[in-house]
Amino acid sequence: MAANLRNQNQLLSKMAIGDGHGENSPYFDGWKAYDEYPYHPIDRPDGVIQMGLAENQLCFDLIQDWLMKNPKASICTPDGVLNFKDTAIFQDYHGLPKFREAIAKFMGKVRGDRVKFDPDRIVMSGGATGAQETIAFCLADPGDAFLVPTPFYPG
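Just so you know, these numbers come straight off a predicted model, no measurement behind them.

Chemist: Is there a simple way to think about the overall build of the protein chain in this case?
Modeler: Looking only at helices and strands, the protein chain has seven helices and zero strands in total. Going residue by residue from the N terminus, the α and β elements of the protein chain occur as α-α-α-α-α-α-α. Counting all 155 residues of the protein chain, 8% fall into the buried class. Intrachain contacts of the protein chain at a sequence separation of at least 6 include 19% that bridge at least 24 residues.

This is how it looks when you write it as structure tokens:
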């Protein structure tokens, strides 16, 4: 059994079999500091803001307030429950058409309405990791490499 495990380990890179991608990663040092002393605008203005995770925790109160004022926008409320079926079924893998239209309109506004964005040429992603992977598949050929700046999300 040990010989079999050793042979498996030889197939993997040092990075894959190393200890640096778990709790011992420098990435988690920031997370631990955040857990011990998180930022709060009133109670702890000198606290740690977690910048290594794509969660907009600083705007949760704003999102909750908006959802309370717009209950039909959330499938998590009685007012929005009828929208569940439309949200839960298979979606266009480019992103929800209404959302892409809203993004195109917003980006046009950001550019002072000097540029018109075509929602059919906008592709949405569930996060930065997925977006970067999609872009890599679009831009790279087998054998190409990318330089990744640090710090980065180890997942």
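Chemist: Before we go on, may I ask you to explain the confidence of the model for the protein chain in this structure?
Modeler: For residues with low pLDDT, the predicted coordinates do not support detailed interpretation. This prediction gives the protein chain a mean pLDDT of 77; 70% of its residues lie at or above 70. Model confidence for the protein chain, summarised as mean pLDDT per element, is weakest for helix α1 (residues 2–11) at 53 and strongest for helix α6 (residues 97–110) at 92.

Chemist: Teacher, can you tell me more about the pattern of salt bridges here?
Modeler: Two side chains with opposite charge may pair up if their charged atoms get near one another. With the rule as written, the count across this model stands at one salt bridge. Residue K69 is joined to D65 by a salt bridge in which the shortest nitrogen-to-oxygen separation is 3.2 Å. Taken together, the residues span about one helical turn, with K69 and D65 both in helix α4 (residues 60–69) at a distance of four residues. Assessed through its relative accessible area of 62%, K69 is described here as exposed.

Chemist: How should unusual backbone geometry be read in this particular structure?
Modeler: The phi angle of most residues is negative, glycine excepted, and most peptide bonds adopt the trans form. Located in the positive-phi region is D113, a residue other than glycine, with phi close to 55 degrees. Tracing the sequence through the fold places D113 in the loop between α6 and α7 (128–139). A relative accessible area of 62% means that D113 is categorised as exposed.

Chemist: In this structure, what is going on with the environment of F117? I would like to understand it.
Modeler: In this structure, F117 sits in the loop between α6 and α7. Along the chain, F117 and K105 lie twelve residues apart, while their C-alpha atoms are 7.1 Å from each other. Apart from residues lying up to four places away in sequence, F117 is in contact with A104, M107, G108 and R111.

Chemist: Can you help me understand a nonpolar patch on the surface in this one?
Modeler: A cluster of nonpolar side chains, contributed by I135, L139, F146 and V148, occupies part of the molecular surface with about 430 Å² of accessible area. Locating V148 in the fold gives a position in the segment after α7.

Chemist: Just checking my understanding: could you explain the environment of W31 for this structure?
Modeler: Along the polypeptide, W31 turns up in helix α3 (residues 26–36). Classification of W31 by relative accessible area gives partly exposed; the value is 24%. A sequence separation of 17 residues divides W31 from V48, and the C-alpha atoms of the two residues are 9.1 Å apart.

Chemist: Before we go on, may I ask you to explain the environment of G108 in this structure?
Modeler: Relative to the elements of secondary structure, G108 occurs in helix α6. With ten residues separating them in the primary sequence, G108 and D118 have C-alpha atoms 9.7 Å apart. Those residues in contact with G108 that lie beyond four places of it in its chain are D113, R114, V115 and F117.

Definitions and limits used
Residues numbered from 1 in each chain as written. Predicted model: local features only at pLDDT ≥ 70, side-chain atom pairs only at ≥ 80, totals over all residues. Heavy atoms only, no water. Helix = DSSP H or I, 4+ residues; strand = E, 2+ residues; numbered from the N terminus. Buried < 20%, exposed > 50% of the residue type's maximum accessible area, 1.4 Å probe, protein only. Contact = heavy atoms within 4.5 Å. pLDDT = per-residue confidence, 0-100. Salt bridge = Lys/Arg side-chain N within 4 Å of Asp/Glu carboxyl O. Patch = residues over 30% accessible without salt bridge, like charges linked within 9 Å, V, L, I, M, F, W, Y side chains within 5 Å. Areas by Shrake-Rupley, 256 points an atom, 1.4 Å probe, with all protein chains shown as cover.

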